[in-house]
Amino acid sequence: MTRSDDPAAVPPHHSVSVAGAVVREDGHLLAVRRADNGTWEPPGGVLELHETPQEGVIREVHEETGIVVDVAELTGIYKNLAAGVVALVFRCRPVGGAETTSDETTAVRWLTPGEVSERMSEVYAVRLLDALDGQGPHVRSHDGRRILTDR
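## Re the sheet that holds strand E3 (residues 40-41)
Here we have three strands laid out as an open sheet, ordered E3-E2-E7, and antiparallel in their pairing. Two strands lie at the open edges of the sheet, namely E3 and strand E7 (105-111), each paired on one side alone. Bridging between strand E2 (residues 29-34) and E7 involves six bridges; their strand directions are antiparallel. Directly across from Arg33, in E7, lies its bridge partner Ala107. Contacts between helix H1 (residues 53-65) and the sheet are confined to E2 and E7, with E2 contributing the most and set at about 65° to the helix.

## With respect to the side chain of Glu60
Here Glu60 is to be found in helix H1. Among the residues examined, Glu60 registers a relative accessible area of 6% and is labelled buried. Once residues within four sequence positions are removed from consideration, Glu60 is found in contact with Val18, Gly44, Gly45 and Val46.

## What about the pattern of salt bridges?
Applying the stated criterion across every chain, the model contains 10 salt bridges. Of the charged contacts in the structure, one is a salt bridge between Glu51 and Arg59, with a shortest N-O distance of 2.6 Å. Taken as a pair, Glu51 and Arg59 share a single burial class, namely buried. In this structure, Arg59 and Glu60 form a salt bridge, with 3.0 Å as the shortest nitrogen-oxygen distance. Several salt bridges converge on common partners, so that one network encompasses Glu48, Glu51, Arg59, Glu60 and Glu63.

## Thoughts on H1
With 13 residues, H1 should reach 18 Å at 1.5 Å per residue; the first-to-last C-alpha distance of 18 Å fits that figure. If you check which residues of H1 are buried, you get Gly56, Val57, Arg59, Glu60, Val61, Glu64 and Thr65. Looking at the buried side of H1, the elements it contacts are strand E1 (15-22), E2, strand E4 (44-46), strand E5 (67-80), strand E6 (85-97) and E7. Directly after H1, the chain includes Gly66, whose backbone phi takes a positive value near 85°.

## Quick look at the environment of Leu129
Mapping Leu129 onto the fold places it in helix H3 (residues 122-132). With 100 residues separating them along the chain, Leu129 and Leu29 place their C-alpha atoms 9.1 Å apart. Leave out the neighbours within four places in its chain, and Leu129 touches Pro113, Val116 and Ser117.

## With respect to the side chain of Thr105
Mapped onto the secondary structure, Thr105 falls in strand E7. With relative accessibility at 4%, the residue Thr105 sits in the buried group. Polar side-chain contacts of Thr105 include one of 3.1 Å to the backbone oxygen of Glu64. Here the side chain of Thr105 touches Ser102 through a polar contact of 2.9 Å, landing on its backbone nitrogen. In contact with Thr105, other than residues within four places in its own chain, are Val32, Arg33, Ala35 and Glu64.

Scoring rules and cut-offs
- Residues numbered from 1 in each chain as written.
- Predicted model: local features only at pLDDT ≥ 70, side-chain atom pairs only at ≥ 80, totals over all residues.
- Heavy atoms only, no water.
- Pairing = 2+ DSSP bridges.
- Helix = DSSP H or I, 4+ residues; strand = E, 2+ residues; numbered from the N terminus.
- Contact = heavy atoms within 4.5 Å.
- Axes fitted to C-alpha atoms, helices over the stretch in contact; angles between N-to-C directions.
- Buried < 20%, exposed > 50% of the residue type's maximum accessible area, 1.4 Å probe, protein only.
- Salt bridge = Lys/Arg side-chain N within 4 Å of Asp/Glu carboxyl O.
- Expected span 1.5 Å × (residues − 1).
- Polar contact = N/O pair within 3.5 Å; in protein donor to acceptor, adjacent residues only side chain to side chain.

Set out below in structure tokens:
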């Protein structure tokens, strides 16, 4: 067996995504309802090969919500162990644009932290709530449904 035939020798493939924890001056957080599955999540998506993480966040937030943002800082790194997706979440502030849906979203809303916890699954709500605590960047793993304890 050659090295390339050994599955253990093949490097893992990960997808890298970015998301914006967009916080208004009144503390409300920007959220979208996805068109494909109806879940509420922070705006974001797959990082393109040619762009920096910050450029990706600006692009994704604007594409999905119509809001233009300034990127402040990295607030968390989240890995979906089941899907091999690594998400980089950045705290952002809105600087322009207007809320609008896209092909990827059916609703765009500014939510309170309490509404974030009510509407979003744990693995998405924590990304926005972590951005508010000023203790980041947080590093967390999940299985697609629940945050896993540190190993």
